[in-house]
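Remarks on the overall topology
Here is what each chain is made of, one letter per residue.
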Amino acid sequence: MSKIRILVGVKRTLDYMLKPRINATKTAVDLSGQKMSINPFCDIAVEEAIRMKETLKNRIEDTLVVTAGQTSSEPILRQCLAKGIGRAALINVGEKELEPLSVAKLLKATVEKEKSNLVLLGKQAIDDDAHQTGGMLAAMLGWPQFTSASKVRIEGDKVIVTREIDGGEETLSSTLPAIITTDLRLNVPRFANLAKVMKARKAPLGKMSPEDLGVTIDQRLQTVSVSEPVQKRQNIMVKSVDEMVKTLKELGAL
Amino acid sequence: MHSLQCRRVIPFGKLSLSLHAPRNALRFVHKPAFTFESYKSLHRDPKYAKLSEQDVQVFKSIIGKDGSLIDGLDKSTDPADLDAFNIDWMNKYRGKTQLALKPKTTQQVSEILKYCNQKKLAVVPQGGNTGLVGGSVPVFDEIVLNLGLMNQIHTFDEISGVITLDSGVILENADNFLAEKGYMFPLDLGAKGSCQVGGCAATAAGGLRLLRYGSLHGSILGMEAVLPDGTILDNLVTLRKDNTGLDIKQLFIGSEGYLGVITKLSVICPKRPSSTNVAFFGVPSYENVLKAFSETRSHLTEILSAFELMDNTSQTLVDKYSGTQRPLEDEHPFYVLVETQGSNKEHDEQKITALVEDLLEKEIISDGVLAQDESQLRVLWERREGITECLAKAGSGVYKYDVSLPLPVLYDLVNDTKKRLIEFNLLDDTPEHPVIDVVGFGHMGDGNLHLNIAVRQFDKRVEKCLEPWVYEWVSRHRGSISAEHGLGLLKKPFVGYSKSKEMIHLMKTLKNVFDPNGIMLPYKYV
């Protein structure tokens, strides 16, 4: 049975519990002073990698988490180390805006450099909801992809993944190497233990640049405008106060 | 299309709503016995008039079109409509009012009270009805004066941070309003989705952040109240300092409705902190909890905003009755939740790091976690705030003792209570034993313990075993028999354990000044 080298790609996004605000020029979400955090689907990918390490033990030769961003992304990497990921690296892209295609190119180069044979990604990021990086990466590498995974098993050299689809559940399998993108019900990410968080604060972080990886970052998309979604309300018409009271009681609101 | 909306992520506000709002029709499926049947020593005072149809007509004309009322004397009214006004949140007390009034203005409150005073009709003021001592529901047929429709926020000064608002504003709504402006309400408690600020003031609610922001006695700057004879007292100032005579609003704060009805408040609000952190520790002993508290205050000083204690029993209940994730894998005898609030993230994180390193190095704590994002932060708080609801689910009743004690002996009460219940053969796993378990948790930073005994059903034997024993225990240690929950109906007989005869006498003298006919909140308080 071959050894597995896991690469987890994570993204730094607005804390998903917070309500996004649109900037004055309506061209982007206003992130100034807002709490940023790891994209929840990426967090699930990190958790899955750690669980694989715990279950398969020596079979997992290496776990590496990477993110493309600036030094402000380092705390997220340290958090992953504290939870149990073996190594972490920042691909420093400076002020550049990243689109899924660029991220896929960076990840491809990293996979080749690190000789990873299993890539775990969140299925989408909660800021752009693009849902593209995993698919693009699979196409570039020519690897099988399991998207929106809700259950993952490794048996021998086979990866077996269950996905939730409209009709129920679908189970697919392939041999390694493969890409898995995580969905909500795959797992519940753990809390990072404090003692390990303290240690991780001093841990070394790998540093890479797009140039190191031989990737040029292009901007091919331009955001024209950003606006709030239209609020949809359910309307029930009633003819009298008594009917309204009755309806409210039926709805369990009274 | 399974994006994040599928996750059962409940915004914090709605979380508390589901914990503490009347849980709709299901809540009144098993109604408690009428209070006057459970407590035979209580007798309806014959000096109070009985409600008549004429009285109802008068109230109808006072309330007019913008207020509302539920007329129990009217045969077409469904009697169940009055349940929400008659039954308390714990489903322990049940009154038999025939009338619930919901006025819209202070003027209406004034006319209602004036009329009740003339006719000697007893009144119980009611806000969100989330109180835990049976103070907000009638004992017999007192008229319920519910402030829920007086729910406007009037003014907010963005420079001084002073808000003026009606009593009936729900605490969470006030906080959400202030959040938009970058401020926060200086009070936070589990019932925030349902409780009203007037009720908070009347009960001098303590809550989760008293440690940092002080009590309502300090943050309420002004008040408008109505005396039992209908006089409107307007002291609704927004001044930080006003030393012009006796500060009468202080009497109303914590009076539970004994002296009159609070109709408006002005409150000074702190700026909303931009950086909040929550840590959750597993601690091996109570002595270590005390050490952790000391270290926490030394390291965190001005950014400490909450220090909450939970024992292992409480966390086992949370595991059993709620789906909330366990922050720490292993079990520990005690857990502590520490929260910081500040304006500078890096500064706060440095302080917490230093504290945690210290606690781990000195082996004061065995383990701990720090919330990495808002979602984990809420999970940690839910481990503390969810205890009350899980207790309610464990059996069909909970005996609650909310006490203040000196820190060194705080948890001893829990241990002694457990021993006593076992001695009396009331605590065990079998259905013959009424007590399921004894739990201790609370605002340790304020020296406030919530001792809770979950029971399969409310049982007089348990009551006799614990009362007045608990109050005697507390009194011996010079504690308070009611740290923040108030007196209501539950603790009226025991006020002597925390206040002297002379003080009680003075309170009754003042009562006669404010309410000579005694129409407000009879049978309760003092």
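Just above sits the structure.
Because the structure is a prediction, the values reported are computed rather than measured.

Each value, and the rule that gives it
Residues numbered from 1 in each chain as written. Chains lettered and ligands numbered in written order. Predicted model: local features only at pLDDT ≥ 70, side-chain atom pairs only at ≥ 80, totals over all residues. Heavy atoms only, no water. Contact = heavy atoms within 4.5 Å. Salt bridge = Lys/Arg side-chain N within 4 Å of Asp/Glu carboxyl O. Polar contact = N/O pair within 3.5 Å; in protein donor to acceptor, adjacent residues only side chain to side chain. Helix = DSSP H or I, 4+ residues; strand = E, 2+ residues; numbered from the N terminus. Nonpolar A, V, L, I, M, F, W, Y, C, P; charged D, E, K, R; others polar. Phe/Tyr/Trp six-rings, centres within 6.5 Å; stacked < 30°, edge-to-face > 60°. Buried < 20%, exposed > 50% of the residue type's maximum accessible area, 1.4 Å probe, protein only. Pairing = 2+ DSSP bridges. Axes fitted to C-alpha atoms, helices over the stretch in contact; angles between N-to-C directions. 1 Å grid on protein atoms, 1.4 Å probe; cavity = no way out; pocket = protein on both sides within 12 Å on 5 of 7 lines; lining within 4 Å. Points joined across faces, edges and corners; volume = space filled by probe spheres on them.

Let us look at the interface of chain B and chain A. Contacts between chain B and chain A engage 31 residues on the former and 32 residues on the latter. Connecting chain B to chain A are 3 salt bridges. Asp78(B) is the salt-bridge partner of Lys249(A), the closest N and O atoms lying 3.7 Å from each other. Viewed at the interface, chain A and chain B are joined by 11 residue pairs in polar contact (both at pLDDT 80 or more). At the level of elements, strand 10 (275–283), helix 14 (345–361), strand 13 (367–370) and helix 15 (374–385) of chain B are the ones that each hand at least two residues to the side of chain B that touches chain A. If you tally residues by element for the side of chain B that touches chain A, the top one is helix 15 of chain B, at 7 residues. Of the residues contributing to the side of chain B that touches chain A, the split by class is 12 nonpolar, 10 polar and 9 charged.

All names here are of chain B. Inspection of the secondary structure puts Asn448 in strand 16 (residues 448–455). Reaching out from Asn448, the side chain makes a polar contact with the backbone oxygen of Val403 at a distance of 3.0 Å. Once residues within four sequence positions are removed from consideration, Asn448 is found in contact with Asp402, Val403, Ser404, Leu410, Phe441, Gly442, His443, Ala483 and Glu484.

Glancing now at the packing of aromatic side chains. Aromatic rings in a pair are described by how distant their centres are and how their planes are angled relative to each other. All names here are of chain B. Summed over all chains, the structure comprises 20 aromatic pairs over all chains. Considering the side-chain rings of Tyr471 and Phe494, the 4.2 Å spacing of their centres and the 35 degrees angle between planes classify their relative orientation as tilted. In this pair, Tyr471 sits in helix 19 (residues 469–476) while Phe494 sits in the loop between helix 19 and helix 20 (501–514), placing the two residues 23 residues apart along the sequence. Classification of Phe494 as buried rests on a relative accessible area of 12%.

So, on to the sheet that holds strand 16 of chain B. Residues and elements named next belong to chain B. Overall, antiparallel pairing links the 7 strands, which are arranged 13-10-12-11-15-16-14 in an open sheet. The strands lining the two open edges of the sheet, one partner per strand, are strand 13 and strand 14 (397–404). If you compare each strand with its neighbour and ignore which way they point, the axes differ by 15 degrees on average. Relative to strand 12 (residues 334–342), strand 10 runs antiparallel, the two sharing 9 bridges. Directly across from Thr276, in strand 12, lies its bridge partner Gln341. Sitting on the sheet, helix 13 (residues 312–321) is in contact with strand 10, strand 11 (304–311), strand 12 and strand 15 (435–442), with an inclination near 85 degrees to strand 11. Contacting strand 10, strand 11, strand 12, strand 13, strand 15 and strand 16, helix 15 crosses the sheet at an angle of about 50 degrees to strand 10.

Residues and elements named next belong to chain B. Throughout the structure, instances matching the rule amount to 6 cavities of 30 Å³ or more. If you add up the space inside the largest cavity, you get close to 900 Å³. Along the wall of the largest cavity there are 45 residues; nearest its centre are Thr130, Gly131, Leu132, Leu189 and Thr203. Those elements giving two or more residues to the lining of the largest cavity turn out to be strand 3 (123–126), helix 8 (197–202), strand 9 (261–268), helix 15 and strand 16. It is helix 8 that contributes the most residues to the lining of the largest cavity, 4 residues altogether. Across the lining of the largest cavity, the residue classes tally to 15 nonpolar, 25 polar and 5 charged.

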